[in-house]
Structures are given as structure tokens and as C-alpha cells.
Amino acid sequence: MSRSIENDDTGMTTTADDAVLRTEGITKRFGGLTAVDNIDVEVHEGEIVGLIGPNGAGKSTLFNCITGTLTADEGQVTLEGQDVTDWPEYKIARSGLGRMFQETRIFGGMTVRKNLLLAAQEAGADIGGLLRQPDDSLLNRTNELLDYVDLGGLADTRAGKLSFGQQKLIEFVMELMGEPDLLLMDEPAGGINPAMLENLIDYIRTANDEEEATIFLIEHNMDFVMEIADRIYVLAHGERIAEGTPDEIQTDQRVINAYLGRE
Ligand code: ADP
Ligand code: MG
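Please read these numbers as outputs of a predicted model, since none were measured by experiment.

Engineer: Help me understand the overall build of the chain in this model?
Structural biologist: A tally of helices and strands in the chain yields nine helices and twelve strands. Against the compact-globule benchmark of 18 Å for 263 residues, the chain has a radius of gyration of 19 Å, which places it among compact chains. With respect to the principal axes defined by its C-alpha atoms, the chain has extents near 55 × 50 × 35 Å. The buried share of the chain, taken over its 263 residues, is 48%. Restricting the contact set of the chain to residue pairs at least 6 apart, pairs at least 24 apart contribute 65%.

Structure, rendered in C-alpha cells:
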């Protein structure tokens, strides 16, 4: 599934690339600390890819370099074949990349529906101003997505009144409002009630199958990531120490030594 080199009829070499996301040599330093060290990853259309590693491994920093939240010191980020390394964050967010943060970023004083509409606007939709009535297709979309995470009754509730787990689901749905081609999720299972984890797995799989969102997720909960991911990258001290299927990762001696053996 990696890139293939083809010759088109002009005789020039072109690159056919089914990677939704590719990073090449991404390096990010904070003073003397190399938080992310020369990292290559690729995520292909339709995949659910995990990113794991001990605390401080550089996982969130790598995500920040991909989303334009931080500028990498070295390396390249490509989204669907387009070099976005120097793009500002808002422009990347409007080009089909969604991101859920580790901490929730909901506006607690606004209704759930307004939060969803604002998220759609951030992703580039014209919502016509929050004081006016948004068009029916956007309202239908909010209803459809809230039903899909079983929170259909909460559209007009102030988001701050929801439980932490419900707020994380709302944030997930907020990202789906933008119909992302690629969704980055930073520890989606963190702080979620264990009884809800299977539901969360179903919701993410549905987003992947039916909403056609390719998923790249950081996760600390090993059962969760091993169940959901097609493929996993492992970081430790900023370096990529392994890549493989969940079975390969669970039996990889370097991964066990650096990470799994300590859990
Ligand atoms: P992870 O998400 O894998 O737990 P992070 O990417 O958050 O790790 O952090 C990687 C390393 O970079 C850590 O040592 C962290 O303290 C450091 N770090 C992260 N962000 C900053 C920052 N803005 N300034 C300085 N150091 C940072
Ligand atoms: Mg982190």
C-alpha cells in the first residue's frame, strides 16, 4: 500500500500515493530536548492507526506538528499528497483534518447544538451566524450525529452540564460536523467510564466505515487500542521504536522493554 512510482506519458515521474497523511523526518525540539526525533509515519485511506508510547514520548507534540499547532524544526507533513508543512493551523483545519484534544475544548455556556455549529464553521462551513437560524441541512446533521452517539435528547442542553464522558462524545461529533477525511484523536478513551468504552469503539468504527474518516489516534488504554487499531506506531523518547499490527506490537521485545512491560 505504500507509494508507487509511475511514469506518465510525458515521461515525467509522478508519485501515486494513497497516504492520507505522511510525515517525513519530523523533528521538534524544546530547548535542549528533542521531543520528536526524525519521525516518519504514514496513514492510508480507510485505516485506523494507533500511536502509543510512554508519557512524554512525544505523541501529542507529533500531532501538534501535523495540525500546525506547532511548527516542526525539520521535516515535512503531507496531507493527501499536498505539502502542508508551512500552512497555518486554521488552513489545515479547513482542508479536511479534524482533531480531538486530550482536554475537552467545549464551550460550557453554550448549548450542545451551538457547539456543533461552531465546530462546523471552524471546519469551513458557512453557518450564517449563530444568531440566525442555520439551514436545515446543518440542523439535520447535528441531529443525525447526536443520535449516532446516543445523545439525541441533549441538543438544547448547555454543554457544561454534561458529564465528562458525554462532553468527549460531543467533541467527537463536533469534529465529524466538518466531515474530516482524517481525524486525529488524542486519548479518546481517557477518563471515559469503562462501561462506555465498547460504545466508543463502535462510534469510532462507524465514523471510519460510514463517515469515511481515516483515524489516527493516541491512546493509553492498551485493550482499547489493540482492539480498534489496524496498525500501531510506538514512540519512546521522541523516537519511533516500532510499527506493526497489534499482534506484532504486543510481542515486540523493544516495545515490551520500553513501554508495555512497565504497565
Ligand atoms: P506525550 O504526548 O507522548 O505524553 P508530549 O508530546 O506531550 O508527550 O511531550 C514530549 C516531551 O516534550 C515531554 O518531555 C514534554 O515535557 C515536552 N514538551 C511538550 N510540549 C512542550 C512545550 N510546549 N514546551 C516545552 N516542552 C514541551
Ligand atoms: Mg500527550
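Engineer: Looking at this model, I keep getting lost on the site of ligand 1. Mind explaining?
Structural biologist: Taken together, Phe30, Leu33, Ala35, Pro54, Asn55, Gly56, Ala57, Gly58, Lys59, Ser60 and Thr61 make up the full set of residues near ligand 1. At 3.0 Å from an oxygen atom of ligand 1 is found a main-chain nitrogen or oxygen belonging to Gly58. Mapped onto the shell around ligand 1, the elements with two or more residues apiece are strand E4 (33–44) and helix H1 (59–67). With three residues, H1 is the largest single contributor of residues to the shell around ligand 1. A per-class count over the shell around ligand 1 returns five nonpolar, five polar and one charged.

Engineer: Is there a simple way to explain the pairing of strand E5 (residues 48–52) in this structure?
Structural biologist: Counting buried positions over the five residues of E5 gives five, a clear majority of the element. Alternating residues of E5 divide into Ile48, Gly50 and Ile52 and Val49 and Leu51, and every residue in both groups is buried. Note: E5 against strand E10 (residues 214–218), four bridges, orientation parallel. The partner of Ile48 across the bridge, within E10, is Ile215. Note that E5 and strand E11 (residues 231–236) share four bridges and pair parallel. Counterpart to Ile52 in the pairing with E11 is Val234.

Engineer: Explain helix H3 (residues 112–122) to me, please; I cannot follow it from the model alone.
Structural biologist: An α-helix turns once per 3.6 residues; consequently, residues spaced three or four apart project the same way. The element H3 is largely enclosed, with a buried count of eight among its eleven residues. Residues of H3 that are buried sit in contact with helix H4 (136–148) and helix H5 (164–177). Positive phi shows up at Gly124, right after H3, with a value of about 115°.

Engineer: Any chance you could explain the sheet that holds strand E9 (residues 182–186) here in plain terms?
Structural biologist: Strands pair in a sheet through their backbones, by hydrogen bonds, and they do so in one of two ways: parallel or antiparallel. Taken in spatial order, the six strands line up as E8-E9-E10-E5-E11-E12 in an open sheet, and their pairing is mixed. Two strands bound the open sheet, and with one partner strand each, they are strand E8 (97–100) and strand E12 (239–244). Sheet twist, expressed as the mean angle between neighbouring strand axes with direction ignored, is 15°. By the bridge criterion, four bridges tie E8 to E9 in an arrangement that is parallel. Considered in E9, the bridge of Leu97 is made with Leu182.

Engineer: Explanation requested: the pairing of E4 in the structure shown.
Structural biologist: Consecutive side chains along a regular strand alternate between the two faces of the sheet. Bridge count between strand E3 (residues 19–30) and E4: eight bridges; the pairing is antiparallel. Looking at the pairing, Ala19 lines up with His44 of E4.

Engineer: Is there a simple way to explain the domain arrangement of the chain in this structure?
Structural biologist: Interface size is often expressed as the accessible area that is lost when the parts come together. Domain parsing of the chain yields domain 1 (19–96 + 182–200 + 214–263) and domain 2 (105–179). Spacing between the C-alpha centres of domain 1 and domain 2 amounts to 26 Å. Taken together, the eleven residues of domain 1 in the interface contact eleven residues of domain 2. With both chains or domains summed, domain 1 and domain 2 bury close to 810 Å², and 68% of this area falls on carbon and sulfur atoms. In terms of surface lost to domain 2, no three residues of domain 1 exceed Arg94, Leu183 and Met196, which account for 43% of the buried area on that side. Remark: the boundary between domain 1 and domain 2 carries zero salt bridges. Applying the counting criterion to the domain 1 and domain 2 interface returns two residue pairs in polar contact (both at pLDDT 80 or more). At the level of secondary structure, the elements contributing two or more residues to the side of domain 1 that touches domain 2 comprise E9 and helix H6 (194–209). Of the residues in the side of domain 1 that touches domain 2, the class split is seven nonpolar, two polar and two charged.

Rules used in this analysis
Residues numbered from 1 in each chain as written. Chains lettered and ligands numbered in written order. Predicted model: local features only at pLDDT ≥ 70, side-chain atom pairs only at ≥ 80, totals over all residues. Heavy atoms only, no water. Helix = DSSP H or I, 4+ residues; strand = E, 2+ residues; numbered from the N terminus. Rg over C-alpha atoms; globule rule 2.2 N^0.38 Å. Buried < 20%, exposed > 50% of the residue type's maximum accessible area, 1.4 Å probe, protein only. Contact = heavy atoms within 4.5 Å. Near = heavy atom within 4 Å. Polar contact = N/O pair within 3.5 Å; in protein donor to acceptor, adjacent residues only side chain to side chain. Nonpolar A, V, L, I, M, F, W, Y, C, P; charged D, E, K, R; others polar. Pairing = 2+ DSSP bridges. Axes fitted to C-alpha atoms, helices over the stretch in contact; angles between N-to-C directions. Domains from an automatic or database assignment. Buried area = accessible area lost by both parts, 1.4 Å probe. Salt bridge = Lys/Arg side-chain N within 4 Å of Asp/Glu carboxyl O.

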